[in-house]
Amino acid sequence: MAARVDRILWLLFVFVRIIWTIWPQTGYIHPDEFFQAPEVTAGKIYGILSSTPWEFNETFPVRSVVFPYLMTGLPFSLLKLISEYRIAIISTQNLIVAARILFCFFSFVIDFVVWRICLLLSKDPWSPLCVLGTSYVTLVFYTRPFSNTTESFLFAVLLLLVISENCSAPGSLKTKEGVLKMLASGVVLTAGFWNRPTFLSFAFVPLVGWLYCVCSKKNVKTIKDVVCSTAPGFLAFCLGVIPTAALFVLCDSFYFGFLAKKKLVFTPLNFLMYNLDSESLKDHGIHPRITHFFVNFPLLFGPLAFVCFCFVMYQLCRQDYGDLFRNFFSRVYVCGKNETKKEKVAMSSYIRNINYTILGLSGIVPVCMLSIMPHQEPRFIIPVLTPLSIIFAHMIYSRAAFKILKVLWVLWNVAGCIVFGILHHGGMYPCMSHLQMYLATDANSTVMPTTYNIVFFHTYMPPQHLLIWSKYKKEKNKNSGMHALAVYDMAGASNGVLLDKMSNILKEQTEKKSKNGQSYVVS
């Protein structure tokens, strides 16, 4: 009965996730939601006004263009194609939906990963799926075009590949299936690194766990034994890494014009150089090193974070560390044809414990590693929801769960959906939609050439592609009137600076003897 309720609950929130993507949320979480992908691709594909983010400048690009074009460029191209057949129109709402549609799809891949890992661990999957599906991180963050969302998807896939390989029989690395898994792991690691170099902090535990598991399945005593045991898997892994890295380098070098200069660009290297410069990070905000653990972790996961903290404290208080490390590093099984049934069961139990350890550490170690960096935002750690859901879901959704935790989980995620999904800078999207419709209508009905000035004051950066204004030529109406649009982002400037800006705009119109100009302040 409880399992059936969990399935119904998960399915219900599957529909909520889809509806909230098709009927887009109004919340504007962070400018990177638009400026890490849609603002870059929409301007090129539709030829409309957009602002190229600093990460994608042609002299020192710090981000790859491959994932922005895969995740938002493909839906934008499809929307452009069907708009030519008048099946749909290019509107502000459709641009937002198109940018989010693939991310919503890949969020369900994360659900599949959780389900599959639970089956591999002989664990009921429905409690973890309910925690994952009802989390506002899934409903809000996983359906937005953040590079962190792509990182979450790739991290989940890597966990599945590693745990699936760990559960395979000894010697599986020499089989076709084992080779394909390690090949895929190499592709995922490289793609994740080019998407965000911080992916290495998430991949560290799964890859070390895989290495340890391979050595545990054989009688490993020397470095030579380690090399012999891991060589087939490592070779397949490299065969996945090298071509994928070459593809990313070539795509980025072509896009940013480096190939024309007979040069190559490594965007992850530029990313690391930029973020290791403390002066550069000051422009984005410097935070205390404890921000991830004591602010962002509880903010994102609520009761799940509380359960995780309690578990860690309990383990720290009760473990005999001498026995713990001695048992962990000396427990080596010799797997062969002469194994007894009891030994096989013990080995299976031991491998399952390794996989649980990988999942547990995958929820904590990446947060520790990312805490080294002084710039810490909540979305940086959203990938750890996957292992946390598998490990601690039973404390929230199960017969043995504390009711107070279940109630707190519901309240926390309802509040998160309302705050981040609807209210947080929630006026920007409706405003851009209204402006787009107004500009299109007014430019079409006004004969006299008009200059539209829109000044954004004390708001997040305005995603200009949502205005759908041509950037290659001025808008021309049916009566041959030529119109121009200028967008100004005043960010957090003072009132005096705003007044000076408006005075300059009026002065320019006067000097140009512009007879028709419209200026608006959005605040």
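Residues numbered from 1 in each chain as written. Predicted model: local features only at pLDDT ≥ 70, side-chain atom pairs only at ≥ 80, totals over all residues. Heavy atoms only, no water.

Q: Mind showing me how you'd approach the pattern of salt bridges here?
A: Side chains carrying opposite charge are able to pair once their charged atoms draw close together. By the definition in use, this model includes eight salt bridges. For E55, the salt bridge is made with R63, and the minimal N-O distance between the two is 3.9 Å. Pair check on accessibility: E55 and R63 agree, each one buried. Overlapping salt bridges bring together D32, E377 and R379 as one network. (Salt bridge = Lys/Arg side-chain N within 4 Å of Asp/Glu carboxyl O. Buried < 20%, exposed > 50% of the residue type's maximum accessible area, 1.4 Å probe, protein only.)

Q: When you look at the packing of aromatic side chains in this model, what are you seeing that I'm missing?
A: The description of an aromatic ring pair rests on the distance of the ring centres and on the angle between the ring planes. Within this structure, the stated rule accounts for 25 aromatic pairs. Taken together, a centroid distance of 5.8 Å and an interplanar angle of 40° make the contact between F112 and W115 tilted. Here W115 and F112 lie together in helix 5 (residues 92-120), a separation of three residues that amounts to about one turn. Accessibility expressed as a relative area gives 44% for F112, which makes it partly exposed. Summarising the aromatic geometry, the rings of Y255 and F256 are spaced 5.1 Å apart at their centres and angled 85° between planes, so their arrangement reads as edge-to-face. With relative accessibility at 2%, the residue F256 sits in the buried group. (Phe/Tyr/Trp six-rings, centres within 6.5 Å; stacked < 30°, edge-to-face > 60°. Helix = DSSP H or I, 4+ residues; strand = E, 2+ residues; numbered from the N terminus.)

Q: I tried to follow the environment of L102 on my own but got confused; where do I start?
A: Position of L102 among the secondary structure elements: in helix 5. L102 gets classed as partly exposed once you look at its relative accessible area, which sits at 21%. When the C-alpha positions of L102 and L74 are compared, they lie 9.0 Å apart, and in sequence the two are 28 residues distant. Among residues more than four places away in sequence, those in contact with L102 are L70, M71 and P75. (Contact = heavy atoms within 4.5 Å.)

Q: What should I look at first to understand the side chain of T386 in this one?
A: Positionally, T386 belongs in helix 19 (residues 385-392). On the basis of relative accessible area, T386 is assigned to the buried category, the value being 0%.

Q: Explain a nonpolar patch on the surface here, please?
A: Where nonpolar side chains cluster on the molecular surface, the patch consists of F60, L250, F254, L259, L264, F266, L269 and M273 and spans about 790 Å² of accessible area. Counting through the fold element by element, L259 comes out in the loop between helix 11 (223-255) and helix 12 (267-275). (Patch = residues over 30% accessible without salt bridge, like charges linked within 9 Å, V, L, I, M, F, W, Y side chains within 5 Å. Areas by Shrake-Rupley, 256 points an atom, 1.4 Å probe, with all protein chains shown as cover.)

Q: What exactly am I supposed to notice about the environment of L183 here?
A: One can find L183 in helix 9 (residues 176-195). Relative accessible area serves as the criterion here: at 29%, L183 is assigned to the partly exposed category. Placed 52 residues apart in sequence, L183 and L235 show a C-alpha to C-alpha distance of 8.5 Å. Beyond its immediate sequence surroundings of up to four residues, L183 is in contact with A236, L239 and G240.

Q: Explain the environment of M490 to me, please; I cannot follow it from the model alone.
A: Looking at the secondary structure, you find M490 in the loop between strand 3 (482-489) and helix 22 (495-511). Overall, the relative accessible area of 13% leaves M490 in the buried class. Sequence-distant contacts of M490, that is, excluding residues within four places in its chain, are made with V455, F456, F457, V497, L498 and K501.

Q: How should I be thinking about the confidence of the model for the protein chain in this particular structure?
A: Do not read the predicted coordinates in detail wherever pLDDT is low. For the protein chain, the average pLDDT comes to 87, and 88% of its residues sit at 70 or higher. Of all secondary-structure elements in the protein chain, the lowest mean pLDDT belongs to helix 16 (residues 321-330), at 44, while helix 7 (residues 136-141) reaches the highest, 97. (pLDDT = per-residue confidence, 0-100.)

Q: Would you explain the nonpolar core in this entry?
A: Counting 86 residues, the largest nonpolar core has I117, F141, F297, F301 and L304 as the members making the most contacts within it. Considering every element that reaches this core, the biggest residue donor is helix 8 (residues 147-166), with eleven residues. Setting aside its immediate chain neighbours within four residues, F141 contacts I29, Y136, F146, T149, L300, R379 and I382. Grouped together as the second largest cluster of nonpolar side chains are 31 residues, Y28, A99, M432 and I454 included. (Core = buried A, V, L, I, M, F, W, Y, C linked by side-chain atoms within 4.5 Å.)

Q: Sorry if this is basic, but what is going on with helix 5 here?
A: Side chains of residues three or four places apart in an α-helix project in the same direction, reflecting 3.6 residues per turn. Taking 1.5 Å of rise per residue, 29 residues should cover 42 Å, and helix 5 covers 43 Å from first to last C-alpha, within 8% of that figure. Roughly 30° is the biggest bend found in helix 5, and it falls at R100. Backbone geometry just downstream of helix 5 places S122 in the positive-phi region, at approximately 55°. (Expected span 1.5 Å × (residues − 1). Bend = angle between axes of the 7 residues up to and from the residue.)

Q: Just checking my understanding: could you explain unusual backbone geometry for this structure?
A: Glycine aside, residues mostly have negative phi, and peptide bonds are mostly found in the trans state. Within the chain, S122 stands out as a residue other than glycine whose phi angle is a positive 55°. As for its placement among the helices and strands, S122 is situated in the loop between helix 5 and helix 6 (126-134). The phi dihedral of H425 is positive, around 50°, even though this residue is not glycine. Tracing the backbone shows H425 in the loop between helix 20 (403-423) and helix 21 (428-445).

Q: So what exactly am I meant to see when it comes to the side chain of N296 here?
A: Among the secondary structure elements, N296 is positioned in helix 14 (residues 291-301). By relative accessible area, which is 3% here, N296 ends up buried. Leave out the neighbours within four places in its chain, and N296 touches T291, Q376, E377, P378 and I381.

Q: Could you clarify how one ought to interpret the packing of helix 14 against helix 20 in this entry?
A: Think of two packed helices as two axes; the pair is described by the angle between the axes and how far apart they sit. It is the contact of helix 14 with helix 20, at a shortest axis distance of 8 Å, that shows an interaxial angle of 100°. One element, helix 14, and the other, helix 20, form an angle in the roughly perpendicular class. Along the contact surface, helix 14 presents P298, L299, L300 and F301, while helix 20 presents W409, W412 and F420. (Axes fitted to C-alpha atoms, helices over the stretch in contact; angles between N-to-C directions. Parallel < 35°, antiparallel > 145°, perpendicular 65-115°, else oblique.)

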